[in-house]
Amino acid sequence: MTTTEKPETAAAAGAPEYKVIGTRPVRPDGVDKVTGRAIYGADVRLPGMLYGRVKRSPHAHAIIKRLDVSKALALPGVQAVLTHEDFPEPAEPIMQTIRGPQPTAWDTERQMARRKVLFKGHPVAAVCASDVHTAEDALDLIEVEYEVLPAVVSLDTALLPGAPILHDDGKADAVEGLFELVDGKPSNIARRLDLTVGDIEVGFAEADVILEREYETSMAHQGYIEPHNGTAIWNNDGKLTIWTSTQGAFGIRQNVARTLNIPLGDLRVVPAEIGGGFGAKNVVYLEPLAALLSKKTGRPVQITMNRTEVLEATGPTSGTRSWVRMGAKRDGTIVAADIRLEYEAGAYPGSPMPGGARCALGPYAVPHQRIVGFDVVVNKPKVAAYRAPGAPASEFAVESLLDELAERLEMDPMDLRLKNCATAGTPRSDGATHGSIGAREVMEAVASHPHYRSEMGGRDVGRGVAMGFWQNGGGESSAYANVHQDGRVTLVTGSVDIGGQRAALAMQFAETMGIPYEDVNSLVGDTDTIGFTGNTGGSRTTFATGWAVYQAALDVRAQMEQRVAQMWEVDPSEVTYDPKDATLRGPEGKEITFKAAARRLPGTGGMIQGQADIVATNVGKVGACYGAHIADVEVDRETGKVTILRYTAVQDVGRAIHPAYVEGQIQGGAVQGIGMALNEEYVYNDDGTMVNSSFLDYRMPVANDVPMIETVMVEVPNPGHPFGVRGVGEVPIVPPLGAIANAIFDAVGVRVTRLPASPRVILEELEAAGGT
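Parameters and conventions
What you see as residue numbers is a count from 1 along each chain, following the sequence as written. This being a predicted model, a pLDDT of at least 70 is required before a residue's local features are given, and a value of 80 or more before pairs of side-chain atoms are given or counted; all residues contribute to the totals for chains, interfaces and linings. Think of the side-chain values as coming from all heavy atoms in the structure, minus any hydrogens and water. Throughout, exposure labels follow a simple rule: accessible area from a 1.4 Å probe, protein chains only, divided by the maximum for the residue type, with under 20% read as buried, over 50% as exposed, and the rest as partly exposed. Segments assigned H or I by DSSP are reported as helices when at least four residues long, segments assigned E as strands when at least two residues long, and all are numbered from the N terminus. What the arc measures is the spread of directions leading from the helix axis to the C-beta atoms. Throughout, a residue-residue contact means that at least one pair of heavy atoms, one from each residue, lies within 4.5 Å. Polar contact is defined as a pair of N or O atoms within 3.5 Å, subject to the rule that within protein one atom must be able to donate a hydrogen and the other to accept it, and that residues adjacent in sequence are counted only when both atoms are side-chain atoms. Pairing between strands requires that DSSP locate at least two bridges from one strand to the other. Axes here refer to lines fitted to C-alpha atoms; in helices the fit is confined to the stretch in contact. Angles between the N-to-C directions go from 0 to 180 degrees. Here a cavity means grid points, on a 1 Å grid over the protein atoms only, where a 1.4 Å probe fits yet cannot get out; a pocket means an open set of points with protein on both sides within 12 Å along at least five of seven lines; lining residues are those with an atom within 4 Å of a point. Grid points are joined across faces, edges and corners, and a volume is the space filled by probe spheres set on the points. Each residue gets one label: Ala, Val, Leu, Ile, Met, Phe, Trp, Tyr, Cys and Pro are nonpolar, Asp, Glu, Lys and Arg are charged, and the others, such as Gly, are polar. Per the annotation, domain bounds derive from an automatic or database assignment of domains. The buried area of a pairing is the accessible area, by a 1.4 Å probe, that goes missing from both parts when the two are put together, added over both. What counts as a salt bridge is simple: a side-chain nitrogen of Lys or Arg found within 4 Å of a carboxyl oxygen of Asp or Glu.

Caption draft 1: Looking closely at helix 5 (residues 132–139). Among the residues of helix 5, Thr134, Ala135, Ala138 and Leu139 are the ones counted as buried. End-on, the buried residues of helix 5 take up no more than an arc of 145 degrees, which puts them together on one face. For helix 5, the elements touching its buried residues are strand 2 (50–56), helix 3 (70–74), strand 4 (78–82) and strand 8 (123–129). Sitting at the head of helix 5, Asp131 places a side-chain oxygen 3.1 Å from the backbone nitrogen of His133.

Structure representation (structure tokens):
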């Protein structure tokens, strides 16, 4: 069930009436997908194609002493073998990333180990052959001699004095201050981040109640159904074409070009249909390997992963530890918060700790705060983005402590949150201030919702609530709109469709033009057919590429006004395009419909293409995103199983372009958050081996694990977007962790500070509390 709440302030302002936006048309890619005609990455077939496989390390931490591929090369059917020696030296030794400067060699070494392997599954060689089976047989013939080193598989171990150092080869010295020194010695701390607002000593001096707790979350995978893949053909003219399942073709192009030291103009990346990503398919794994094998053989090469490789060797989200200390006055006013965050980065620096730090206190006005974050390397796969990267863990800690604080102050949990709600102008943890946000509207929707106000009944049942926050993204996007003679339009954008973007973007274009949605053919271009476009993510695509689509439509309208003025032999300033009925009007009552004008384009100068290439963050104020979830659970004291009885997700969506897709994003994110809260975790033994590297043992929620998730869409339009859009895809994964933990306490009286709250954890907590 979905309900939409429009705050009184928006209603009073006279919300615009739309013809296309807010409807639920059929998605343009739907027929191909349900009939099996859609081409995913592993479906690509090229003449003479070879098939590749990757030799991976069985050890989590080891020095490569010897690597011999001669027997594999001698196997009939094998065409080429690839090792680190085949990779070019990087043209730029230091690369600038969103995490700051890092050695470029690290990106290459993650794809193919050189001196050391740093996680189980780390590639050490690759082979291609005439068929998959021969390639797999060849892997067994590659001989590798290792000097096994102690594995660092936890934050505890990584931060111990005298812990084994992962990056001990001196490359970190190329970037001053990249790794923290502890007592003057190298450490596994790749980065420290400090955020400060006010003076926490002053704040805690004002507090009547102070609470402090420690929380932990486990490494968890995005769980996309489609494994990673890459197909490449390196032509004799030096041009390289790659087909892959990715959330960002331009990001893949940039990373592959840097790894292989080739010009961007010589590399074309064609995004295939994608079977899920959730942030993790912006990373290069197989594409450079397929490209180099193609260069060696002169034939196209395709490499795919199996599920074990996906789990062991691609990026999950971080395991974390958080310490939160919070002080409040007796009336519930929060005056200070002190937070320490430790995030596993995996084998190479770059955890989502900064996102966790920025978002931890996002829903609240806290005048005095300090947040210190640490990015810590361990012998696990390098982590990757996962829906609101970093935010679920830090906000779980804050929301759990807030619930305990409400209990201590004898306040309703939502009353405490409303009392400390962030509003426009509230300072954020990163030093900026909030713009137009809907945090209060979301909290009020929860407090007044029938679910929250209903009575609970039964033994060992409980209810919990939690807020979630994520910053809306922007970035560069491009859109081309080709007007056809019949009045239809082909809309080409660079945003890969992972959640209905083709439909949502076509709807914004159709609304701007005043034409039917069905008259817009929405396509995804590749890196040679569309201008630069940032990665597709739940916080930017409908917002940022929606801006580009809007501007492209305005460009079409302006060109149509010019062309019709030419037809009528009047000044262009006398012609206006009316999107209410897609009609151009001029002096003396002249008018012509868009379709009729399109029919005359070939004889009046040719067809028209509207274009836009914009950086959305420079176009208008970006609006942050808020959500809040209500969870009812039942806890079985005998087995430790937690059953979700009822679940409601409330979210400020700005303006719901396609309500059904917005609902799906909210429900999907909630289910993934529920998995992180109750079931999902990477389980490692002491030598760094993942022992649950299959969907049989890695437990994700399935349909019978969750009830129907009710969604409430609160619409507080974003003033920084022509249609009021806010990102909706990332926030819903944030609140489930805190909401479920708080519900468990309400049910059985124990505070779960370690997630997932699996039956083992629940039984341990009950036993410790004497409640079994």
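On we go from here.
Caption draft 2: Fine view of the sheet that holds strand 22 (residues 476–483). An order of 24-23-22-28 is seen for the 4 strands of this open sheet, with the pairing classed as mixed. Each having just a single partner strand, strand 24 (520–524) and strand 28 (609–615) make up the two edges of the open sheet. Neighbour to neighbour, the strand axes of the sheet diverge by 15 degrees on average, direction disregarded. Inspection of the sheet shows strand 22 paired to strand 28 by 7 bridges, in the antiparallel sense. The residue bridging Tyr480 from the neighbouring strand is Gln611, located in strand 28. This element, helix 16 (residues 501–513), spans strand 22, strand 23 (489–493) and strand 24 of the sheet and lies at about 135 degrees to strand 24. Along the sheet face, helix 17 (residues 541–568) touches strand 22, strand 23 and strand 28 and points at about 145 degrees away from the line of strand 28.

Caption draft 3: Representation of empty space enclosed by the protein. Under the criterion given, the structure shown has 6 cavities of 30 Å³ or more. The volume enclosed by the largest cavity comes to roughly 100 Å³. Along the wall of the largest cavity there are 13 residues; nearest its centre are Arg110, Phe119, Pro123, Tyr285 and Ala313. Here the lining of the largest cavity is built from residues that sort into 7 nonpolar, 3 polar and 3 charged. By volume, the second largest cavity amounts to about 80 Å³. Around the second largest cavity sit 13 residues that line it, and Thr317, Gly390, Pro392, Ala393 and Met676 are the ones nearest its centre. Across the lining of the second largest cavity, the residue classes tally to 7 nonpolar, 5 polar and 1 charged. Taken domain by domain, the lining of the second largest cavity gets at least three of its residues from each of domain 1 (1–38 + 436–471 + 624–772) and domain 2 (151–434).

Caption draft 4: Focus on the sheet that holds strand 18 (residues 320–328). The 5 strands are arranged 12-20-19-18-13 in an open sheet whose pairing can be described as mixed. Every interior strand has two partners, whereas the edge strands, strand 12 (189–197) and strand 13 (209–217), have only one. For this sheet, the mean angle separating the axes of adjacent strands, direction not counted, is 10 degrees. Sheet analysis places strand 19 (residues 334–346) next to strand 20 (residues 368–377), joined by 10 bridges and oriented parallel. From the neighbouring strand, Ile339 faces strand 20, where its bridge partner is Ile371. The strands that helix 12 (residues 391–409) touches are strand 13, strand 18 and strand 19; relative to strand 13, the one it contacts most, it runs at about 145 degrees.

Caption draft 5: Here's a closer look at the domain arrangement of the chain. Domain annotation of the chain identifies domain 1 (1–38 + 436–471 + 624–772), domain 2 (151–434) and domain 3 (474–619). Measuring from the centre of the C-alpha atoms in domain 1 to the corresponding centre in domain 3 gives 36 Å. Each side of the interface is counted separately: domain 1 has 28 residues, and domain 3 has 24 residues. Here domain 1 packs against domain 3, burying approximately 2000 Å² in sum over the two surfaces, 65% of which is carbon and sulfur. Across the domain 1-domain 3 interface, the total number found is 2 salt bridges. Put simply, domain 1 and domain 3 have 10 residue pairs in polar contact (both at pLDDT 80 or more) between them. Residues belonging to the side of domain 1 that touches domain 3 are distributed by class as follows: 13 nonpolar, 10 polar and 5 charged.

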